[in-house]
Amino acid sequence: MKNICSFIITLLALCSCTNENKSINQNAVSTAPIATIKKVSAHNHKYFITTAEIDSKIQPIKNGTIQESLKKNTLVKLLNEVSQFRDTVTVGKRKYIEPYEKVKVLSTGTETWVFGGALKSIYTGENDLTDPQSLQSFSSMVENQDPTKLSSGKKVLDKLKELKSTDITTNDAMFFMAYDYVNRLARSSKAHGELIANYPWTLDDYNEIITGTMDMNQHPIGKILHENGLNLEGSLGDILVKSNIHVVDDVVGNDVSTSVQKYIEMLQLSEKSKIFDNDNISAPLTSVANQANLWSQFAADYPEFAHISNVNMKSTRLTQALLEGTKNTAAFDHASRVAKKEYRDIWNYVLKYYGETPLATEIRSHTKWLEGRDWKFPEEKHRH
């Protein structure tokens with residue numbers, strides 16, 4: 001009897017262990033998706049909108065439970081968690097292979113997971129938004145515009161003026177959305193075919209366009225373009241429609257951050273001093289150096305800037321032109337492996353006047369690299 005009791009106790013213990021192990025295994029299965037999440041370190045705030053109607057999920061897995069359905073143009077904030085798992089989802093007519101992003105839906109405060117291929121970045125900055133309602137309203141309005149219609153530019157600018165906020169960070173975000181839109185409008189609108197191609201241009205008109213002296217508020221075509229955030233640029237026989245940073249700037253005024261104000265000033269400066277003519281350097285090398293220094297210093301001063309990729313692109317192009325020349329304006333005689341004297345002089349100019357800047361650091365590194373590979377520099381001629 002004693003042996004039977006011992007056997008029963010042992011059997012119950014084994015069953016208990018088996019059930020306990022089963023419970024642990026079930027928990028392991030249920031928490032497995034969470035183990036595939038990684039945190040993304042970030043020192044800034046990132047805002048996105050959904051590019052299509054999309055179901056958000058409780059967990060970032062392919063067949064995860066649907067939490068809610070998000071409409072197109074829903075404003076969300078990234079919470080800096082991303083799934084290791086990448087899903088394949090068709091959004092619109094395009095197939096994406098992307099992870100899931102953890103976000104906060106601004107309109108409801110819900111924290112949920114959204115497929116990354118359905119998110120479009122609209123703002124990244126050091127400060128948080130305090131007026132997301134205005135940005136949500138503005139982004140929805142902008143996304144519903146047709147960039148092939150010239151009149152949509154004025155609608156966007158009028159909406160920006162209407163929604164301009166007391167929150168500078170929100171104004172920053174709306175400024176970039178408006179500026180991005182007028183850039184799209186310049187590329188996509190039918191302004192060239194409908195307005196420019198059939199207009200009886202005079203030589204005086206061409207001269208004013210080339211020199212930048214045309215009064216956009218007086219010229220019939222200029223007035224229409226100006227009120228839609230655009231401008232005329234070009235040379236004799238080649239008139240182009242370009243976005244006009246001045247118009248967007250006039251709407252937001254000084255109600256944006258210091259970094260955005262400085263960015264606007266640098267864009268305006270770039271417009272005034274034309275550095276490149278196609279692939280030729282058309283300005284003095286000192287102008288190239290000055291602008292390369294401005295853009296590279298800006299990138300160093302504001303690494304979390306909302307349009308830092310655009311800043312880096314400008315900085316890189318100017319810096320590379322200063323270091324290597326361009327295809328049509330070379331810095332070196334490759335046959336003799338000699339750097340042209342005017343480039344050596346401008347590198348010395350940078351080291352003399354911008355000695356502690358990021359650009360000067362690149363110049364030092366560049367010249368050492370050349371010298372280490374037997375590139376020669378013109379010999380200085382000394383007077384006796």
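Nothing here was measured: the structure is a model prediction, and the numbers come from that model.

What counts as what
Residues numbered from 1 in each chain as written. Predicted model: local features only at pLDDT ≥ 70, side-chain atom pairs only at ≥ 80, totals over all residues. Heavy atoms only, no water. Helix = DSSP H or I, 4+ residues; strand = E, 2+ residues; numbered from the N terminus. Buried < 20%, exposed > 50% of the residue type's maximum accessible area, 1.4 Å probe, protein only. Core = buried A, V, L, I, M, F, W, Y, C linked by side-chain atoms within 4.5 Å. Contact = heavy atoms within 4.5 Å. Salt bridge = Lys/Arg side-chain N within 4 Å of Asp/Glu carboxyl O. Pairing = 2+ DSSP bridges. pLDDT = per-residue confidence, 0-100. Polar contact = N/O pair within 3.5 Å; in protein donor to acceptor, adjacent residues only side chain to side chain. Phe/Tyr/Trp six-rings, centres within 6.5 Å; stacked < 30°, edge-to-face > 60°. Lys NZ or Arg CZ within 6 Å of the ring centre and 35° of its normal. Lys, Arg positive; Asp, Glu negative; His and termini not counted.

Right, let's get into unusual backbone geometry. A positive phi angle, close to 55°, is found at Arg337, a residue other than glycine. By secondary structure assignment, the location of Arg337 is in the loop between strand S13 (332-333) and strand S14 (338-339). We classify Arg337 as partly exposed; its relative accessible area is 35%. In this structure, Asp374 is a non-glycine residue whose phi angle is positive, near 65°.

Let us now look at the nonpolar core. In this structure, Phe138, Phe175, Trp201, Leu225, Leu232, Leu322 and Trp347 are the most contacted members of the largest nonpolar core, which totals 83 residues. The biggest single contributor to this core is helix H4 (residues 168-188), with 11 residues. Apart from the residues lying within four places of it in its own chain, the contact partners of Leu322 are Leu285, Val288, Ala289, Tyr343, Ile346, Trp347, Val350, Leu359 and Ile363.

Further remarks concern the pattern of salt bridges. Following the criterion strictly, the structure yields nine salt bridges and no others. Across the pair Asp255 and Lys164 runs a salt bridge, and its minimum N-O distance is 3.2 Å. Taken as a pair, Asp255 in the loop between helix H8 (245-252) and helix H9 (258-272) and Lys164 in the loop between helix H3 (152-163) and H4 lie far apart in primary sequence, 91 residues in all. Between Lys341 and Asp345 there is a salt bridge, and its shortest N-O distance comes to 2.8 Å. Of this pair, Lys341 and Asp345 both sit in helix H12 (residues 341-353), four residues apart, roughly one helical turn. Residue Lys341 is classed as partly exposed on the basis of its relative accessible area, which comes to 41%. Using a relative accessible area of 32% as the deciding quantity, one classes Asp345 as partly exposed.

Attention now goes to the pairing of strand S2 (residues 45-50). Where S2 and strand S8 (residues 119-125) come together, six bridges link them in antiparallel fashion. Bridging across to S8, Phe48 finds its partner in Ser121. Of the strand pairs in this sheet, S2 and strand S5 (residues 75-91) are connected by three bridges, and their pairing is antiparallel. Its bridge partner being in S5, Tyr47 is matched across the sheet by Lys77.

Further remarks concern the confidence of the model for the chain. With 88% of its residues at a pLDDT of 70 or more, the chain shows a mean pLDDT of 84. Across residues 7-33 the pLDDT falls below 50, and counting only partners more than four positions away or on other chains, this stretch makes three contacts in the model.

Take the environment of Glu143 next. With respect to the helices and strands, Glu143 occurs in helix H2 (residues 132-143). With 38 residues separating them in the primary sequence, Glu143 and Tyr181 have C-alpha atoms 9.0 Å apart. Among residues more than four places away in sequence, those in contact with Glu143 are Ile49, Asn73, Lys120 and Met177. Side-chain polar atoms of Glu143 contact the side chain of Lys120, separated by 3.0 Å.

As defined by bridge partners, strand S1 (residues 37-39) adjoins S5 across three bridges and the pair is classed as antiparallel. Each residue of the ladder has a partner; that of Lys39, found in S5, is Glu81. Pairing analysis gives 10 bridges linking S5 to strand S6 (residues 94-105), with the strands arranged antiparallel. Counterpart to Leu78 in the pairing with S6 is Val103. In sequence, S5 turns back onto S6 through a hairpin of two residues, with Gly92 there showing a positive phi of about 70°.

Now for the packing of aromatic side chains. Using the criterion set out here, one finds 17 aromatic pairs in the structure. Note on Tyr349 and Tyr353: the rings are 5.0 Å apart at their centroids and 50° apart in plane angle, and the pair reads as tilted. Taken together, the positions of Tyr349 and Tyr353, both in helix H12 and four residues apart, correspond to about one turn of that helix. With a relative accessible area of 23%, Tyr349 lands in the partly exposed category. The class for Tyr353 is exposed, based on a relative accessible area of 51%. Taken together through their ring pairs, the aromatic side chains of Phe175, Phe176, Tyr179, Tyr263, Trp295, Phe298, Tyr302 and Phe305 make up a single cluster. The ring of Trp295 is capped by Lys314, whose NZ or CZ atom sits 5.6 Å from the centre of that ring. Here Arg317 stacks its cationic end above the ring of Phe276, 3.8 Å away from the centre of that ring.

Glancing now at the environment of Val156. Position of Val156 among the secondary structure elements: in helix H3. Between the alpha carbons of Val156 and Met141 there is a distance of 7.6 Å; along the sequence they are 15 residues apart. Those residues in contact with Val156 that sit more than four places away from it in its chain are Phe138, Met141, Val142, Gln145, Ala178 and Tyr181.

Another point: the side chain of Asn73. Take Asn73: it is sitting in the loop between strand S4 (66-70) and S5. For Asn73, the contacting residues outside a window of four places in its chain are Ile49, Thr50, Gln136, Ser139, Ser140, Glu143 and Asn144.

Take Lys102: it is sitting in strand S6. Buried charged residue Lys102 carries no salt bridge. Nearest counter-charge: Glu111, at 4.0 Å. Lys102 has contacts with Lys77, Leu78, Leu79, Asn80, Glu81, Glu111, Thr112 and Trp113, leaving out every residue within four places of it along the chain.

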